[in-house]
Amino acid sequence: MRNFLYNFNQTGLSLTPEHQSSPSPAEQGFARLLLHVVITGIAVSLFSQGFLFLLRWISDATELPFYAPLPATIAWILISRFAPALFRFFGISVGVSAGIPLGFESAVFGFNKAINPLFGSNVLLYHCGTVAAIAACFGTPLVAICLALELLLSEWTIRTVIPVLLAAAIGTLCTWLFQGGIPLFTITVKEPVTWSVGLAIGLLIGLWSAATISLTKVFKRWIGTLANKSHWWLLIPAVIASLICFYSPNHITNLNGYMDDLLQARVTLFLLFALGILNWLTWCLYNAGFGTGAGILPLLLNGGAWALFAGLLIQLSVPSLKLDAVFMVLLGMTAMFAAGSRALVTALVLGLELSRSFEFILPGAITCITAYSLSYLLAGKQRSSLNAPAL
């Protein structure tokens, strides 16, 4: 059965690095494919847990200098140019560890891309690795499965769906072993917002996501042109990231901490500015320059920050209106994910899986559909291909 959503949704930001592959599951053999899914799923899941542990250790045990993104980016460029393809994921891993705001899952996606050629560069296997990575990184297997069905698979058949389910099960098992089955982030909904507030948030996020997609295309052309002259032009985002870290030291290796601050509404206006503008700008530049894919965590952080800022303005305008800050963050996160990635159904499932509350459904649907529709109308109808410049 052909996925009727596939072509319609190929207009947003790619969450993972672009990947070219050829063999189909039928040509490779189904049993062999399942074996490769198991091996890939285990490898990706273990890498995700190990890398997350490393980031937490760095954040707790060391204090990186504000200029850490600069040498990390230099190392990233050198690794991309001179290291074998299998080891190029070390570049993005070093960058994320040094505070570049790409989300730790981007390093896991890079690892998945690096090991895929070992099994014949199968596109379905690559997507299964992505599914396992999402399930293992965030503890959200339903989100991983929905994303594959909505955005990654061009056809829904036994040969495509079973490997996806297997990969999600492996990632989930890894989460149970290392995190006790608890999602990376959990949200407690106290008081849902009205539909009018959800509509307002959807309009804001829709406009912002359209701007993000369009600006990323511009950055890609601009940085790509400069990088063809000299690869060291790719240090532009590193300089910006270092300046941000100078004025906001908590920026370094603390994306998870930022999410905790948002979900607990422990924020200042400067923090919202850092997440909504500064981190966003750096993320767009690195995404365009290195072709990392948008990732998931940066989308969630940016949407949550803008929604919380909008909620603050609404609260100041209408003091009698009671708004739950955490619910506002959840609406912004899911709306930005829906509008940026074009995975509308997955965004709604994400909200349900994180909040575990059916009270999210109505305002969440209004917000996500509004943001998705507006972004789709404004951001053009061609995917922002984010292949990195040839290094």
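The structure under discussion appears in the preceding block.
Caption draft 1: Geometry of the overall build of the chain. Assigned secondary structure in the chain consists of 17 helices and zero strands. For the chain, the C-alpha radius of gyration of 20 Å lies close to 21 Å, the compact-globule estimate for 391 residues. For the chain, the share of sequence-separated contacts (at least 6 apart) that also reach a separation of at least 24 residues comes to 83%. Approximately 15800 Å² of the chain is accessible, and the part contributed by carbon and sulfur atoms is 69%. Between the centroid of the 18 positive side chains of the chain and the centroid of its 13 negative side chains there is a distance of 12 Å.

Caption draft 2: Spotlight on the side chain of Glu 353. Within the secondary structure, Glu 353 sits in helix H16 (residues 344-355). Put simply, Glu 353 is tucked away with no salt bridge, and the nearest opposite charge, on Arg 356, sits 6.3 Å away. Only 3.5 Å separates the side chain of Glu 353 from the backbone nitrogen of Leu 142, close enough to count as a polar contact. Aside from chain neighbours lying at most four places away, what touches Glu 353 is Gly 139, Thr 140, Pro 141, Leu 142 and Val 143.

Caption draft 3: Structural detail: the state of the cysteines. With the rule as written, the count across this model stands at zero disulfides. Distance from the sulfur of Cys 128, which forms no disulfide, to the nearest cysteine sulfur (Cys 146) is 15 Å. On the basis of relative accessible area, Cys 128 is assigned to the buried category, the value being 2%. Between Cys 146, a cysteine without a disulfide, and Cys 368, which holds the nearest cysteine sulfur, the sulfur-to-sulfur distance is 13 Å.

Caption draft 4: Summary view of the pattern of salt bridges. Following the criterion strictly, the structure yields one salt bridge and no others. In this structure, Glu 155 engages Arg 2 in a salt bridge whose closest nitrogen and oxygen atoms are separated by 4.0 Å. Pair noted here: Glu 155 is in the loop between helix H8 (141-152) and helix H9 (158-179) and Arg 2 is in the segment before helix H1 (6-9), with a separation of 153 residues, a long-range link. With a relative accessible area of 55%, Arg 2 lands in the exposed category.

Caption draft 5: Main features of the side chain of Thr 367. If you trace the backbone, Thr 367 turns up in helix H17 (residues 361-378). Not counting the four nearest positions on each side in its chain, Thr 367 is found in contact with Gly 198, Ile 201, Gly 202, Leu 331 and Ala 335.

Caption draft 6: Molecular detail of the packing of aromatic side chains. Applying the stated criterion across every chain, the model contains 17 aromatic pairs. When the ring of Phe 47 is compared with that of Phe 89, the centres are 5.5 Å apart and the planes differ by 85 degrees; the resulting orientation is edge-to-face. Of the two residues, Phe 47 is situated in helix H3 (residues 30-61) and Phe 89 in helix H5 (residues 89-97); the sequence distance between them amounts to 42 residues. For the residue pair Phe 47 and Phe 89, the accessibility class agrees, reading buried in each case. Grouping aromatic residues by their ring pairs yields a cluster made of Phe 47, Phe 51, Phe 87, Phe 89, Phe 90 and Phe 111.

What counts and what doesn't
- Residues numbered from 1 in each chain as written.
- Predicted model: local features only at pLDDT ≥ 70, side-chain atom pairs only at ≥ 80, totals over all residues.
- Heavy atoms only, no water.
- Helix = DSSP H or I, 4+ residues; strand = E, 2+ residues; numbered from the N terminus.
- Rg over C-alpha atoms; globule rule 2.2 N^0.38 Å.
- Contact = heavy atoms within 4.5 Å.
- Areas by Shrake-Rupley, 256 points an atom, 1.4 Å probe, with all protein chains shown as cover.
- Lys, Arg positive; Asp, Glu negative; His and termini not counted.
- Charge placed at Lys NZ, Arg CZ, Asp CG, Glu CD.
- Buried < 20%, exposed > 50% of the residue type's maximum accessible area, 1.4 Å probe, protein only.
- Salt bridge = Lys/Arg side-chain N within 4 Å of Asp/Glu carboxyl O.
- Polar contact = N/O pair within 3.5 Å; in protein donor to acceptor, adjacent residues only side chain to side chain.
- Disulfide = S-S within 2.5 Å.
- Phe/Tyr/Trp six-rings, centres within 6.5 Å; stacked < 30°, edge-to-face > 60°.

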